[in-house]
Amino acid sequence: MRNKLVTKRSAKAGLPPGTLVHIGERHREAARVSIIAYDEKGVYEQASDDLAACFPLRNQPEVSWINVEGIHSIELLQKLGECYGIHPLVLEDILNTDQRPKREDYGAYLFIVLKMLSLKNGNKGVAAEQMSLILGENFVLSFQEGLAGDPFDPVRERLRAGRGKIRSLGADYLVYSLIDAIIDNYFVILESLAERIERLEEELVANPVRETVGRLHILKREVIFLRKSIWPLREVISGLERRESSLVREETAIYLRDVYDHTVQIIDTVETFRDILSGLLDIYLSTLSNRTNEVMKVLTIIATLFMPLTFIAGLYGMNFHYMPELNWRWGYPAVLILMLLVIGGMLVFFRRKKWI
Amino acid sequence: MRNKLVTKRSAKAGLPPGTLVHIGERHREAARVSIIAYDEKGVYEQASDDLAACFPLRNQPEVSWINVEGIHSIELLQKLGECYGIHPLVLEDILNTDQRPKREDYGAYLFIVLKMLSLKNGNKGVAAEQMSLILGENFVLSFQEGLAGDPFDPVRERLRAGRGKIRSLGADYLVYSLIDAIIDNYFVILESLAERIERLEEELVANPVRETVGRLHILKREVIFLRKSIWPLREVISGLERRESSLVREETAIYLRDVYDHTVQIIDTVETFRDILSGLLDIYLSTLSNRTNEVMKVLTIIATLFMPLTFIAGLYGMNFHYMPELNWRWGYPAVLILMLLVIGGMLVFFRRKKWI
Amino acid sequence: MRNKLVTKRSAKAGLPPGTLVHIGERHREAARVSIIAYDEKGVYEQASDDLAACFPLRNQPEVSWINVEGIHSIELLQKLGECYGIHPLVLEDILNTDQRPKREDYGAYLFIVLKMLSLKNGNKGVAAEQMSLILGENFVLSFQEGLAGDPFDPVRERLRAGRGKIRSLGADYLVYSLIDAIIDNYFVILESLAERIERLEEELVANPVRETVGRLHILKREVIFLRKSIWPLREVISGLERRESSLVREETAIYLRDVYDHTVQIIDTVETFRDILSGLLDIYLSTLSNRTNEVMKVLTIIATLFMPLTFIAGLYGMNFHYMPELNWRWGYPAVLILMLLVIGGMLVFFRRKKWI
Amino acid sequence: MRNKLVTKRSAKAGLPPGTLVHIGERHREAARVSIIAYDEKGVYEQASDDLAACFPLRNQPEVSWINVEGIHSIELLQKLGECYGIHPLVLEDILNTDQRPKREDYGAYLFIVLKMLSLKNGNKGVAAEQMSLILGENFVLSFQEGLAGDPFDPVRERLRAGRGKIRSLGADYLVYSLIDAIIDNYFVILESLAERIERLEEELVANPVRETVGRLHILKREVIFLRKSIWPLREVISGLERRESSLVREETAIYLRDVYDHTVQIIDTVETFRDILSGLLDIYLSTLSNRTNEVMKVLTIIATLFMPLTFIAGLYGMNFHYMPELNWRWGYPAVLILMLLVIGGMLVFFRRKKWI
Amino acid sequence: MRNKLVTKRSAKAGLPPGTLVHIGERHREAARVSIIAYDEKGVYEQASDDLAACFPLRNQPEVSWINVEGIHSIELLQKLGECYGIHPLVLEDILNTDQRPKREDYGAYLFIVLKMLSLKNGNKGVAAEQMSLILGENFVLSFQEGLAGDPFDPVRERLRAGRGKIRSLGADYLVYSLIDAIIDNYFVILESLAERIERLEEELVANPVRETVGRLHILKREVIFLRKSIWPLREVISGLERRESSLVREETAIYLRDVYDHTVQIIDTVETFRDILSGLLDIYLSTLSNRTNEVMKVLTIIATLFMPLTFIAGLYGMNFHYMPELNWRWGYPAVLILMLLVIGGMLVFFRRKKWI
């Protein structure tokens, strides 16, 4: 149920670089390819498994976007790679789904790796899948693992409807739109986490049970995991925004700054989560200490009240022949009064100690 | 009552950039617009909902300051944006009230986002609202959420009275004055927080109760929240002060350095709060441990005193026929003396252990 | 008794910049002004409240040093400011005694803010007062709050006696001497703190009582407070040493490097204090745990010894008619032997557990 | 069994630099030398202890790779050093197997130190041995301690088979392949560690025993140890990738970037381990507190139930002559009912406290 | 016994800079001066208290090394200072033995301050003494406090024997050799510390006693102290290695890089010590908690077993006249069986709780 600490990668040890082996969970469905080519005038769309359709697009002026869902088809990748002149190391990275987010400049194209986050069933955790984007002069290739649905539908809608500037600005703006779609998604995750943290917080202050600390630990792990996916994003996007590659035009950079702001905000929020979660354990521990303290007080009060009384009763339960008190007429009431005095004294003592 | 960890933002996912949707709590009152134009000679003031009045100001030599209170009127924003040539992304950011403080240079104007802090009812917490400032060559636009009153009255007073240099220096000095007004406000918040921390501190050392740890946690959260609002300020204002934009004149930069000093001081203070609050929990836990220890000592003293006595009493309460002590003439007094000896020995033992 | 977390500053909110309002504790005595002018040949000295005497010095070749003790006289400040052409923001900062240490270059003069530390009555804490220095081409202005005596007497002595190079090097060397005098003072504070920490350390290891944790907290706060006063010093003095302003001559820079070394050493020491203090709480908590453990052991030993014995005694205190043991001749001695066996067994058990 | 904190190095104190003394564990087997020379056309291979064979290779155009397994043969090292003109300090560093990973540029050659990690027997810990690589214009020297097998077999296979580009790219690509082989190995270690951490995690949440904390400590130490071996790698490889030495060709740099990515990923993972391990101790401590709490509750419930009952029984066990209750017909049943009421009251009390 | 937190320095407050006052412990023996002059051909050596011998060396081509052991002779220092043209601030720093390690470039010479570490009697702690080195064009002055023996004997031996390059390379190589000798010494300290830490570690896991936490604290303090002495070294030596001063020749820089590596390795190790020590306290605390838990369990088991039994016995010890059970023939055996059932039930309960 929990996220694995490490993805099994050792199988690859010893293979030459650029060897295409899929690392990560394997999924049975076939890969789906969708092709969209557009310019200001119109949109040409096609969804097929036949890549031949996309090859002529390579040399046309329209921007073409090829989206591959499901990355385990190695031949498909190889064909695409040849057609668009992609370096084998890039293809290898697309297959190895445990990459950190990164941005690599290969001159003719930019290679960007991101993580798409989604909520697991029942809102019980965060899953991540790898999104690889390749931005060329007039094309965008995107590769999804395809586990948790396609986040790009709104972008497609905008392309089809020609809303906003998406069709008039170039391939870099399309990449911006895809990144924006992915990062907008993060906010959903953050909201869900925030909700769970706040619920735990209330529970901890009100009435912590033993399971609480386990759930706290799981939340902590998820935040650590999230942090690992999100921190490198900052550098990835800030590099795009500063236009370190000439593939990003100035007009798009302003939009990328917006995405960058979102990224920083997300990182901020994740750090806040960390701070709050580490504070929660302290609350839990102090609540536990408090409880032990309270239990101890009850025990001490009871013991302190009844031990002396039991002793007195025991004293007059002794069977000595010569115990004058036993024969006194008012012996029994006197002992009862003595006991009441002991109780009274103890109560005064407890009150002074502020125990009752 | 507490500050939300995350503002609901997911509703925006998928919309094209620049789409104006208000994010944050929605308030019912209409937006209020006030317009002030001034130069060294005089002040022209107008408060209306009709923006038409401000359009001609655009091209006049006077400095004009348009202050919008209540930002949920999207049409109003759009009109202003068109009139002053503001980028749609800026308008979007003004509406999304969960921005981090930031400074963006759009060439013809500077866009600055700050947080205004205010105390919630009953001095029980800190609320933040977003302040967006746009500084152009001869105009300043300011947008307030309008939740907790307008902090700019002193600035208006100075403008009207012509006190200080405010009317002779340009729009950048006006922006400095607005920022200064906002940041002066932070000191009020810090003083209130400091007071609450000091009260908690005294309480913790003197007589901590169970609720104390809850209040400690709330204070910690507020400081985390404050920190998140204040840290980015440093960079925002230091960039202004270093005159990274040509819209800031050298004469104003000296004043901005003053604001920058204040910002650093505020950050310092917030860090001190953090340090002290994290120390307080340690005190609380050690006080709890101390108490448990004390309770345990009382229990142990009582048990250690009375268990042997009760045993002796029980011993001579046995019903064996042949127990010679029971028939001795001085058996009972002897047992009483034995018991006194036991008590004496125990007291010596406790004293040696420094328990009493 | 404790240092306030925040100085009341909110009163200033809304005033235009450069408004002179004294922030900090107000003291009743009048300000004292002392004027010293010197060159290699001689020293001219005057202590008066009449500033008129200092105005002609402005344009003479001698170096003049005007020291103001007690900064609440606003007129005096204003006169001085006019005479030496000081920016109103500087005067404002001199009055606001909660400044961080800083260094500001105004071209014609350098403005330096430091903290002077002193021990409170009875060596119970650290007090800070603000020292403002203004270094011009041929003049030095120094402003003391005047709470805890004047640290500059040794410098005056050196000036009068012409010892060292103080009279032959310029105003920058005088400023160095003043800063050096202030920072030499810090070592006194550090020694006093170190002594208190070492005393607490011994106490904690030997015999911690409840008050110890309170004193630990107060020491921690003082170190936090000290740190806040001292950290910014590093940057202030390193800037002087690197001769970022042309007012500092190369010959003086070597001496400033010496002061810089001291500053770094002081910061190092304060960090060491922090490390040690945070270790001390751990010792305290583990000592407490140890004690609780010991108390628990005593309780458990007593209970474990006497509960079975008391039970056996109770058993033969039952009043059943048919209890054959009660009529046995050796019943009573047999029970006593049984009890001794129980005690022996328990002692073996405790020994094996290493409890006794 | 555990990794030593410090390797015995003091024996070397006082020797002149460049003195060749082997530091580290000494192994008895003789050193093994293997020589491979190759160009695009073919591979020449030889495994012998006679180094004479490799000397002529020095001046031939083929790339030659000399791999030395077992570094304690000082003469061998000296001969190789003379032949290839290696600085005595480099030879010294090869022998001192407690080096940090580092990269040193000697102009004519690059000296690279890495750590090879392997699992100890029974998967119980991580062992490190030093790998020293020297990259020249047309030669690569590699020195292994030779403790845990040779990780370079896959590289040899690729050389022999001519798979990939390994034979057409130069010596720098060979060094890249060797580094890649070493770093691929790290993933095996990480997977093993991750497995152990996850097992410990489950155990801690489910049913921690006393040994758990010892194992937690050992894991922590291993992660600290790993971190120390891995952190410097980042800088080592990033310097190679940025082509700070002219011995690294541009084509190889792309591959080195890939290795760099892996390094960063490994560091990330190790940091995650640290975070999780430090969280685990907190869980353990809170589980312990929880248990103590539970034990205390049982004790308190029992004591609170039976102490009053025992007292009542003791009361009516007293031997006073005048105790009217003893002679009542319904005295005994009445006392039993009283006892039941006490039990009932206590149960209500415990329920209200949520103890049962 | 412990290292002082702060060296008494306040005595110096107020003195003009360059005043020579010895700070630190004062030692009675006279200072010893040894002079060695050498070039490739031979060595001239002299040990005397008469400095006159060294003055002519100033202007000769040989490299001369003057080593002063015991620095409290102020006249001697002053004479040396005049002869070699040393700045008074440098002489002051040589006397003030609480300097941080530092490197200062005075143009004609470099001033380097290091700490020499040594083990105190009985291997019980680390002592530090100050080593000041002055490197000129053809001379090296070294000043030792002279507390713990002279670490430079191996260097002298090498000079006399002419082993290595020491006589052919210049004064900078001699300084390198001295620094190397000092830093080689650190490894001895680290090994001793590592041994003590490992011993403590085993003790803590096996059987911690109360004194353990005190020893842990002392070790922590020593590591803090060590860290303070070692951290600044990095910068000192890296500056030498980068040849920021022209007094360091390129050939020597390679050797300094070696020393730099050692320094980084030492810092790494000290950081590892810190990490491990802070982990040890956690182990100690959890062991304590564990023990308290165990003690509590024994107490609870005993109380839970015997309290009900004692109550039953007490019940039938009551003296009511009408208690039918007392007259039953099988009353006593029945009660005994009841008690056995109670014991059995409790044992089942404990087993289910996993307490026994």
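What you see is a predicted model, and the numbers here were worked out from it, not measured in a lab.

1. Re the UniProt feature "transmembrane region" (unreviewed entry) in chain A
Residue and element names in this part refer to chain A. Using the residue numbers shown here, the UniProt feature "transmembrane region" (unreviewed entry) corresponds to residues 298–318 and 330–350. Across residues 298–318 one finds 86% helix and 0% strand; the C-alpha atoms that close the span lie 30 Å apart. Spanning residues 330–350, this segment combines 95% helix with 0% strand, and its end C-alpha atoms are found 30 Å apart.

2. Focus: the interface of chain B and chain A
How big an interface is tends to be stated in terms of the accessible area lost upon association of its parts. With 67 residues of chain B at the interface, the matching set in chain A holds 64 residues. Here chain B and chain A share an interface that buries about 5900 Å² over both sides, 63% of which is from carbon and sulfur atoms. The largest share of the area that chain B buries against chain A comes from B:Leu5, B:Arg210 and B:Tyr332, three residues that together contribute 12% of it. Taken together, chain B and chain A are joined by six salt bridges. Between B:Glu104 and A:Arg257 there is a salt bridge, and its shortest N-O distance comes to 3.7 Å. At the level of elements, helix H2 (88–95), strand S4 (102–105), helix H5 (210–241), helix H6 (250–315), helix H7 (324–327) and helix H8 (331–352) of chain B are the ones that each hand at least two residues to the side of chain B that touches chain A. Of the residues forming the side of chain B that touches chain A, the biggest block, 20 residues, is contributed by H6(B). Each residue belonging to the side of chain B that touches chain A can be placed in one class, and the counts come to 33 nonpolar, 12 polar and 22 charged.

3. Concerning the packing of aromatic side chains
With the rule as written, the count across this model stands at 60 aromatic pairs over all chains. Aromatic pair B:Tyr84 and B:Phe139: ring centres 4.4 Å apart, planes at 40°, arrangement tilted. Here B:Tyr84 is found in helix H1 (residues 74–84), whereas its partner B:Phe139 is found in strand S7 (residues 139–144), with 55 residues between them in sequence. The class for B:Phe139 is buried, based on a relative accessible area of 3%. Pairwise contacts between aromatic rings join A:Tyr173, A:Tyr176 and A:Tyr255 into one cluster. We note B:Arg329 situated over the ring of A:Tyr322; from NZ or CZ to the ring centre the distance is 4.8 Å.

4. As for the pattern of salt bridges
The final tally for this structure, using the stated rule, is 109 salt bridges over all chains. The salt bridge partner of A:Asp261 is B:Lys102, with a shortest N-O separation of 2.3 Å. Linking A:Asp261 in helix H6 (residues 250–315) with B:Lys102 in strand S4, this pair reaches from one chain into another. We classify A:Asp261 as buried; its relative accessible area is 14%.

5. What about the relation of the copies chain C and chain E?
Mapping chain C onto chain E calls for a rotation angle of 72° and an axial translation of 0.0 Å; the resulting RMSD is 0.1 Å. Viewed as a symmetry operation, the transformation between the two copies matches a five-fold axis. No C-alpha of chain C lies nearer the rotation axis than that of C:Gly317, which sits 4.7 Å from it. Comparing interface residues between copies, only 15% of those in chain C also lie at the interface in chain E; the contact surfaces differ.

6. Notes on the domain arrangement of chain A
Entries for chain A in the domain assignment read domain 1 (4–286) and domain 2 (316–352). The distance between the C-alpha centroids of domain 1 of chain A and domain 2 of chain A comes to 81 Å.

7. Notes on the packing of helix H5 (residues 210–241) of chain A against helix H4 (residues 171–206) of chain D
One way to put it is that H5(A) packs onto H4(D) with a least axis distance of 10 Å and a crossing angle of 155°. Here H4(D) runs roughly antiparallel to H5(A), going by the angle between their axes. Between H5(A) and H4(D), the contacting residues are A:Arg210, A:His217 and A:Arg221 on the first element and D:Glu198, D:Glu201, D:Val205 and D:Ala206 on the second. In the contact of H5(A) with H4(D), the residues fall into two nonpolar, one polar and four charged.

8. Some words on the sheet that holds strand S1 (residues 32–38) of chain E
Residues and elements named next belong to chain E. Taking strand neighbours across the sheet as the criterion, the seven strands line up as S2-S1-S3-S7-S6-S5-S4 in an open arrangement whose pairing is mixed. The open sheet has two edge strands, strand S2 (43–47) and strand S4 (102–105), and neither has a second partner. Adjacent strand axes in the sheet meet at a mean angle of 15°, parallel and antiparallel pairs treated alike. With six bridges connecting them, strand S3 (residues 63–69) and strand S7 (residues 139–144) associate as parallel partners. In the sheet register, Ser64 faces S7, and the bridge partner there is Phe139. Relative to the sheet, helix H2 (residues 88–95) contacts S4, strand S5 (110–119), strand S6 (126–135) and S7, its axis offset from that of S6 by approximately 160°.

9. Quick look at the relation of the copies chain B and chain A
In the superposition of chain B on chain A (RMSD 0.1 Å, axial shift 0.1 Å), the rotation amounts to 72°. Here only 15% of the contact residues of chain B are again contact residues in chain A; the copies associate through non-equivalent surfaces.

10. Here's the deal with unusual backbone geometry
Its identity is not glycine, yet D:Lys354 carries a phi of approximately 60°, on the positive side. Owing to a relative accessible area of 60%, D:Lys354 belongs among the exposed residues under this scheme.

11. Things to note about the interface of chain C and chain E
Every contact between the two is made by 65 residues of chain C and, on the other side, 68 residues of chain E. Of the roughly 5900 Å² buried between chain C and chain E on both sides combined, carbon and sulfur atoms contribute 63%. Taken together, the links from chain C to chain E amount to six salt bridges. Between E:Arg274 and C:Asp275 there is a salt bridge, and its shortest N-O distance comes to 3.4 Å. Where chain C meets chain E, there are 17 residue pairs in polar contact (both at pLDDT 80 or more). Breaking the side of chain C that touches chain E down by element, the ones donating at least two residues are helix H3 (153–161), helix H4 (171–206), helix H6 (250–315), helix H7 (324–327) and helix H8 (331–352) of chain C. Here the side of chain C that touches chain E is composed, by residue class, of 33 nonpolar, 16 polar and 16 charged.

12. Considering the pairing of S6(E)
All names here are of chain E. The element S6 is extensively covered by neighbouring structure, given that eight of its 10 residues are classed as buried. With 10 bridges connecting them, S5 and S6 associate as antiparallel partners. Following the sheet pairing, Leu114 is matched in S6 by Met131. Sheet topology note: the S6/S7 ladder contains five bridges and is antiparallel. Directly across from Ser132, in S7, lies its bridge partner Phe143. Between the antiparallel neighbours S6 and S7 lie three residues.

13. Brief notes about helix H1 (residues 74–84) of chain D
All names here are of chain D. When H1 is considered as a whole, its buried residues turn out to be Leu76, Leu77, Leu80, Gly81 and Tyr84. Seen from one end, H1 has its buried residues packed into an arc of 135°, which puts them on one side. Opposite the buried face of H1, at more than 90 degrees from it, the exposed residues are Glu75 and Glu82. Positioned one or two residues after H1, Gly85 has a phi angle of 65°, which is positive.

14. Section: the sheet that holds strand S6 (residues 126–135) of chain A
Residue and element names in this part refer to chain A. Within the open sheet, the seven strands sit side by side as S2-S1-S3-S7-S6-S5-S4. Their pairing is mixed. Sheet topology places strand S2 (43–47) and strand S4 (102–105) at the edges, where each strand pairs with a single neighbour. Across the sheet, the mean angle separating the axes of adjacent strands is 15° when strand polarity is ignored. Sheet topology places strand S1 (residues 32–38) next to S2; five bridges connect them, and they run antiparallel. Within the sheet, the bridge partner assigned to Ile35 lies in S2 and is Gln46. In this fold helix H2 (residues 88–95) packs onto S4, strand S5 (110–119), S6 and strand S7 (139–144), with an angle of close to 160° to the strand it touches most, S6.

What counts as what
- Residues numbered from 1 in each chain as written.
- Chains lettered and ligands numbered in written order.
- Predicted model: local features only at pLDDT ≥ 70, side-chain atom pairs only at ≥ 80, totals over all residues.
- Heavy atoms only, no water.
- UniProt positions renumbered as here; feature names shortened; annotations may be inferred.
- Helix = DSSP H or I, 4+ residues; strand = E, 2+ residues; numbered from the N terminus.
- Contact = heavy atoms within 4.5 Å.
- Buried area = accessible area lost by both parts, 1.4 Å probe.
- Salt bridge = Lys/Arg side-chain N within 4 Å of Asp/Glu carboxyl O.
- Nonpolar A, V, L, I, M, F, W, Y, C, P; charged D, E, K, R; others polar.
- Phe/Tyr/Trp six-rings, centres within 6.5 Å; stacked < 30°, edge-to-face > 60°.
- Buried < 20%, exposed > 50% of the residue type's maximum accessible area, 1.4 Å probe, protein only.
- Lys NZ or Arg CZ within 6 Å of the ring centre and 35° of its normal.
- Least-squares fit on C-alpha atoms with pLDDT ≥ 70 in both.
- Domains from an automatic or database assignment.
- Axes fitted to C-alpha atoms, helices over the stretch in contact; angles between N-to-C directions.
- Parallel < 35°, antiparallel > 145°, perpendicular 65-115°, else oblique.
- Pairing = 2+ DSSP bridges.
- Polar contact = N/O pair within 3.5 Å; in protein donor to acceptor, adjacent residues only side chain to side chain.
- Arc of directions from axis to C-beta.

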